[in-house]
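A structural walkthrough
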Amino acid sequence: MNRFSHIDLRVNAWEQVREFYEGLLPELGFVHTYHSRDWYVFAAEGELPSVPYFAITVDADHKPNNNLIGFWAADRAEVDRTADTVKRLGGSITSGPGLLPISPTYYAVYFEDPCGNQYEMMHRLN
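The next thing to look at is unusual backbone geometry. The omega angle of the peptide bond from Leu48 to Pro49 is 5°, so this bond is cis rather than trans. Here Pro49 shows up in the loop between β3 (40-43) and β4 (53-58). The peptide bond linking Gly96 to Pro97 adopts the cis configuration, its omega dihedral lying at 0°. By secondary structure assignment, the location of Pro97 is in strand β6 (residues 92-99).

Following this line, the structure appears as structure tokens:
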């Protein structure tokens, strides 16, 4: 059983990241939105609360740190597409895309949202 449920993410300002997340999260499978006054929720296919979701709220005092959220890619082409999407939407690539010395088939891109939250999109063969 995959025990992943959700991510509650803080950002400094919704206006600063809105375009980034509205463009990126659907490409990652978070295709339904359930926004409220305080939360911007992007959910996977299916019905809440039984599907994974990505919830974003504003905290003006938020300070990004070394935490990282990682996503699996189906193949290297998806890693490359994600890198292109991140750049187009105003995020920053911090490493890659490319093979990394983690394992001989570990292909990834590391990136940040416009507030500095860190992510990775990776593909590797077992």
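The end-to-end C-alpha separation of helix α1 (residues 14-27) is 19 Å, in line with the 20 Å expected for 14 residues at 1.5 Å each. Of all the bends in α1, the greatest, near 35°, is centred on Tyr21. Along α1, the residues classified as buried are Trp14, Val17, Phe20, Tyr21, Leu24 and Leu25. Looking at the buried positions of α1, the neighbouring elements they touch are β1 (6-11), β3, β4, α2 (76-88), β7 (107-112) and β8 (118-123). Once α1 finishes, Gly29 follows within two positions and takes phi at roughly 100°, a positive value.

Moving on: the sheet that holds β8. Read across the sheet, 4 strands follow the order β5-β8-β7-β6 without closing on themselves; strand pairing throughout is mixed. Edge positions in the sheet fall to β5 (68-72) and β6, since each of these pairs with one other strand and no more. For this sheet the average axis-to-axis angle between neighbouring strands, irrespective of direction, equals 15°. Note that β6 and β7 share 5 bridges and pair antiparallel. Looking at β7, one finds that Ser95 is bridged to Tyr110. Contacting β6, β7 and β8, α2 runs over the sheet at an angle of about 15° to β7.

Next up on the list: α2. Compared with an ideal rise of 1.5 Å per residue, which puts 13 residues at 18 Å, α2 spans 19 Å between its outermost C-alpha atoms and is within 8% of the ideal. Taken together, the buried positions of α2 are occupied by Glu78, Val79, Thr82, Ala83, Thr85 and Val86. Buried residues along α2 cover an arc of 165° about the axis, so they all sit on one side. Across from the buried face of α2, at angles greater than 90 degrees, the exposed residues are Lys87 and Arg88. Along its buried surface, α2 packs onto α1, β6, β7 and β8.

This brings us to the environment of Trp72. Looking at the secondary structure, you find Trp72 in strand β5. Residues Trp72 and Arg124, 52 residues apart in the sequence, show an inter-C-alpha distance of 8.6 Å. With residues up to four places along the chain from it excluded, the contact list for Trp72 reads Met121, Met122 and Arg124.

Glancing now at the pattern of salt bridges. Across all of its chains, the model carries 4 salt bridges by this definition. Of the charged contacts in the structure, one is a salt bridge between Glu22 and Arg18, with a shortest N-O distance of 2.8 Å. One end of the pair is Glu22 and the other is Arg18, both in helix α1 and 4 residues apart, which spans about a single turn. Arg18 sits in the partly exposed class, given a relative accessible area of 37%. One salt bridge connects Asp38 with Arg37, and the closest N-O pair in it is separated by 3.3 Å.

Analysis parameters
- Residues numbered from 1 in each chain as written.
- Predicted model: local features only at pLDDT ≥ 70, side-chain atom pairs only at ≥ 80, totals over all residues.
- Heavy atoms only, no water.
- Helix = DSSP H or I, 4+ residues; strand = E, 2+ residues; numbered from the N terminus.
- Expected span 1.5 Å × (residues − 1).
- Bend = angle between axes of the 7 residues up to and from the residue.
- Buried < 20%, exposed > 50% of the residue type's maximum accessible area, 1.4 Å probe, protein only.
- Contact = heavy atoms within 4.5 Å.
- Pairing = 2+ DSSP bridges.
- Axes fitted to C-alpha atoms, helices over the stretch in contact; angles between N-to-C directions.
- Arc of directions from axis to C-beta.
- Salt bridge = Lys/Arg side-chain N within 4 Å of Asp/Glu carboxyl O.

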